[in-house]
Amino acid sequence: MLLDRRGRVRIAMVGDARGVFLPDLSAHRRGGNRLCGLRLVHTHLKPVGLDEDDFTDLALLRLDMVSAIEVDSDGLPGKIHTAHLVAANVDERLWDVLPPGTVHEQSEDFPEVIAALEEEFARNRKSRKAGDGLERAILIHISDKPRTVAEASVAELRELCRSGGIVPAEEIIQRRRVDPKYVMGKGRLKSTLIRSMQLGAEAIIFDSNLTPAQVKNLAEYTDLKVLDRTQVILDIFAQRAKEREGRIQVELAQLRYLLPRLSGKHTAMSRLTGGIGGRGPGETKLEIDRRRAQQRVAQLQREVGKLGKRRRLRRQVRTDKGIPTVSIVGYTNVGKSTLLNRLTQSTVTEVDALFATLNPVSRRLRFPKEREIIITDTVGFIRDLPKELMEAFRTTFEEIEPAQLLLQVLDASDPEVEERHASVQLLLKELGFHLKPSIVVLNKIDLCEGDVVRGLAKRYNAVCVSALNPDSFAPLLEAMEARLWLDPDDDQTSGEAPGEDAVAAMEQDAV
Ligand SMILES: Nc1nc2c(ncn2[C@@H]2O[C@H](COP(=O)(O)OP(=O)(O)OP(=O)(O)O)[C@@H](O)[C@H]2O)c(=O)[nH]1
Ligand SMILES: [Mg+2]
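Only a predicted model underlies this, so the values are computations on that prediction, with no experimental measurement involved.

Caption draft 1: View of the site of ligand 1. Taken together, 23 residues lie near ligand 1, and Lys 336, Thr 338, Ala 356, Thr 357 and Asp 446 sit nearest. The separation between an oxygen atom of ligand 1 and a polar main-chain atom of Val 351 is 3.2 Å. Taking Ala 353, its main chain carries an N or O atom lying 3.2 Å from an oxygen atom of ligand 1. Here ligand 1 has 650 Å² of accessible area as a free molecule, and 91% of this is covered by the chains.

So this is what it looks like as structure tokens:
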């Protein structure tokens, strides 16, 4: 029987020797990490106390309590065994088992025990809730990749969360093959869900992309939001997009992502309204139905097309004037906007966050001898850029098209610089820009040892700068001039790596 808090029987079930099958309790879910308000009391035909199934139900259904009553050979009730979840892990234990008693004399006042327990959960949630009302999430990485790769990947997810206003409450890395149904093992899933309850987390975020089926399966187990890396990136874009074009592009990307996941009664998706994963820039309430979503996608696509055309026209005007263009590209947060700002005395947003810049910004940069160029800053790249975003932002990336020269910015202080350089190369290739002439710009050299900088400069044949310090720009400006205006045979003839000067300058500064 399932009893409510007032002791009334809400649901009665009959099982057999193997067990009972609980009905769908989703209607009883109360969200917000609370217990479900139902106590399961059932008989066990064998005197074994509580078994694994009992604990699983307790945890996954967030039952108030679970009790098993032994039955003797005469059919009379014997001992009763009871367990409830605990609000804080003691010795890795997720539940507490009460001392067995008899049905006839139970000392516990159950409503009181449950009320105390809920209060404790609530207190935990409050004290742990980030003061600024940010949402908390558990980050989960499941893969058979080497530990270091997994850790770097989770570190990036952590940064993405931070940039999106999500507080990572805990990180779980498990090395195993991804389970096609639940991503992780059932046991681990169970403990993760209880843990999220203890930590007051609202979401679990997987550091990979979930299939629609996985989202659905996981959502059947939990009230928590179940999100993946793509959704976190989309969410950041949704928060950043302020101008019309960006908002349309983000909404398009979000709907493209959601469409294959909107099935039948899509409870998994309707849970996304508001907060993480549910921030939409446009009119989209993410509960939208399939047919309307398709219509909206078509409409947004037309608008993106129109805006893209306008961009092309504007670019054409510039090209006709014969002013050379240079595009700054690179991984997100490497300092592209800072470089543009300091080169041209402008004020594009530069912050320590991923995807600070969404829409391309062009500025004029004057060189001596009446020469000038247009220099463009654009949205940052990231490994495994969601294809929905790639598609929706195609017109944005097209801004790179007319560039005679790319400045490929690397962050010298980034331990992942090599992998990220490779990701950028890959994306440039996908966009068809990999053959454009380019200068590799090693930025943030103020944060590194001279030796490290020299090593990287050599490896990438890079020009070194610190975007924060315009005094370090001379070699970069020279290299740009050489590439744009001098005889092509003329450049790159100096034996010295172009970065040497800047390193020397910086070292001198430090003195
Ligand atoms: N120490 C140091 N910090 C830098 C340098 N260049 C940029 N930064 C910092 O790095 C962070 C990111 O800079 P942004 O210019 O916003 O980077 P971005 O490449 O435009 O990033 P997105 O637009 O998010 O892709 C900011 O906090 C900058 O102040 C540098 O040369 N040295
Ligand atoms: Mg930027």
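Caption draft 2: Structural view of the packing of aromatic side chains. For the structure shown, the criterion picks out 5 aromatic pairs. With centroids separated by 4.8 Å and ring planes inclined at 55°, the aromatic side chains of Phe 237 and Phe 355 adopt a geometry described as tilted. Here Phe 237 is found in helix H6 (residues 229-240), whereas its partner Phe 355 is found in the loop between helix H10 (336-344) and strand E13 (361-366), with 118 residues between them in sequence. Judged by centre distance (5.2 Å) and plane angle (80°), the rings of Phe 237 and Phe 393 are edge-to-face. Here Phe 393 lies in the loop between helix H11 (387-392) and helix H12 (394-397) and Phe 237 lies in helix H6, a separation of 156 residues in the sequence. Just as Phe 237 is buried, Phe 393 falls in that class too.

Caption draft 3: Spotlight on helix H7 (residues 244-258). Helix length check: H7 (15 residues) gives 21 Å between terminal C-alpha atoms against 21 Å at 1.5 Å per residue, within 8%. Within H7, 12 of the 15 residues are buried, leaving the element largely enclosed by the surrounding structure. What H7 keeps buried is the set Glu 245, Gly 246, Ile 248, Gln 249, Val 250, Glu 251, Leu 252, Ala 253, Gln 254, Leu 255, Tyr 257 and Leu 258.

Caption draft 4: Spatial organisation of the packing of helix H1 (residues 52-60) against helix H4 (residues 186-199). Between H1 and H4, the least distance of the axes is 9 Å, while the angle of their chain directions is 40°. Considered as vectors, H1 and H4 are oriented oblique to each other. For the crossing formed where H1 meets H4, the hand is left-handed. Residue-level contacts link Glu 52, Phe 55, Thr 56, Ala 59 and Leu 60 of H1 to Lys 190, Leu 193 and Ile 194 of H4. Class assignment for the residues of the contact of H1 with H4 results in 5 nonpolar, 1 polar and 2 charged.

Caption draft 5: The confidence of the model for the chain, seen in detail. Of the residues in the chain, 86% reach a pLDDT of 70 or more, and the chain-wide mean stands at 84. Note that residues 491-499 has pLDDT below 50 and, in this model, 12 contacts with residues that lie over four places away or in other chains. For the stretch residues 504-511, pLDDT sits under 50, and the model shows 8 contacts to residues farther than four places along the chain or on other chains.

Caption draft 6: How the structure looks around the side chain of Thr 82. Within the secondary structure layout, Thr 82 lies in strand E5 (residues 77-90). There is a polar contact of 2.9 Å between the side chain of Thr 82 and the side chain of Ser 67. Excluding anything up to four places from it in sequence, Thr 82 contacts Leu 50, Met 65, Val 66, Ser 67, Asp 96, Val 97, Leu 98 and Phe 110.

Caption draft 7: Inspection of the sheet that holds strand E12 (residues 325-330) at higher detail. The strand order across the open sheet built from 6 strands is E13-E14-E12-E15-E16-E17, with neighbouring strands paired in mixed fashion. The two strands at the open ends of the sheet, each matched to only one other strand, are E13 and strand E17 (463-464). Bridge count for strand E15 (residues 405-411) against strand E16 (residues 438-443) is 6 bridges, and the pairing is parallel. Bridge pairing in E16 links Asp 411 to Asn 443.

Caption draft 8: A look at the pairing of strand E10 (residues 203-206). Because side chains alternate across E10, one face comprises the buried residues Ala 203 and Ile 205, and the other comprises Ile 204 and Phe 206, equally buried. Where strand E8 (residues 135-143) lies against E10, 4 bridges are found, and the strand directions are parallel. Directly across from Ala 137, in E10, lies its bridge partner Ala 203. As judged from the 4 bridges shared by E10 and strand E11 (residues 225-228), these two strands associate in the parallel manner. Bridge pairing links Ala 203 to Lys 225 in E11.

Caption draft 9: A look at the environment of Val 48. If you trace the backbone, Val 48 turns up in the loop between strand E3 (39-44) and H1. Separated by 33 residues in the primary sequence, Val 48 and His 81 place their C-alpha atoms 9.4 Å from one another.

Reading the values: rules and limits
Residues numbered from 1 in each chain as written. Chains lettered and ligands numbered in written order. Predicted model: local features only at pLDDT ≥ 70, side-chain atom pairs only at ≥ 80, totals over all residues. Heavy atoms only, no water. Near = heavy atom within 4 Å. Polar contact = N/O pair within 3.5 Å; in protein donor to acceptor, adjacent residues only side chain to side chain. Areas by Shrake-Rupley, 256 points an atom, 1.4 Å probe, with all protein chains shown as cover. Phe/Tyr/Trp six-rings, centres within 6.5 Å; stacked < 30°, edge-to-face > 60°. Helix = DSSP H or I, 4+ residues; strand = E, 2+ residues; numbered from the N terminus. Buried < 20%, exposed > 50% of the residue type's maximum accessible area, 1.4 Å probe, protein only. Expected span 1.5 Å × (residues − 1). Axes fitted to C-alpha atoms, helices over the stretch in contact; angles between N-to-C directions. Parallel < 35°, antiparallel > 145°, perpendicular 65-115°, else oblique. Left-handed = near helix turned anticlockwise from the far one by under 90°. Contact = heavy atoms within 4.5 Å. Nonpolar A, V, L, I, M, F, W, Y, C, P; charged D, E, K, R; others polar. pLDDT = per-residue confidence, 0-100. Pairing = 2+ DSSP bridges.

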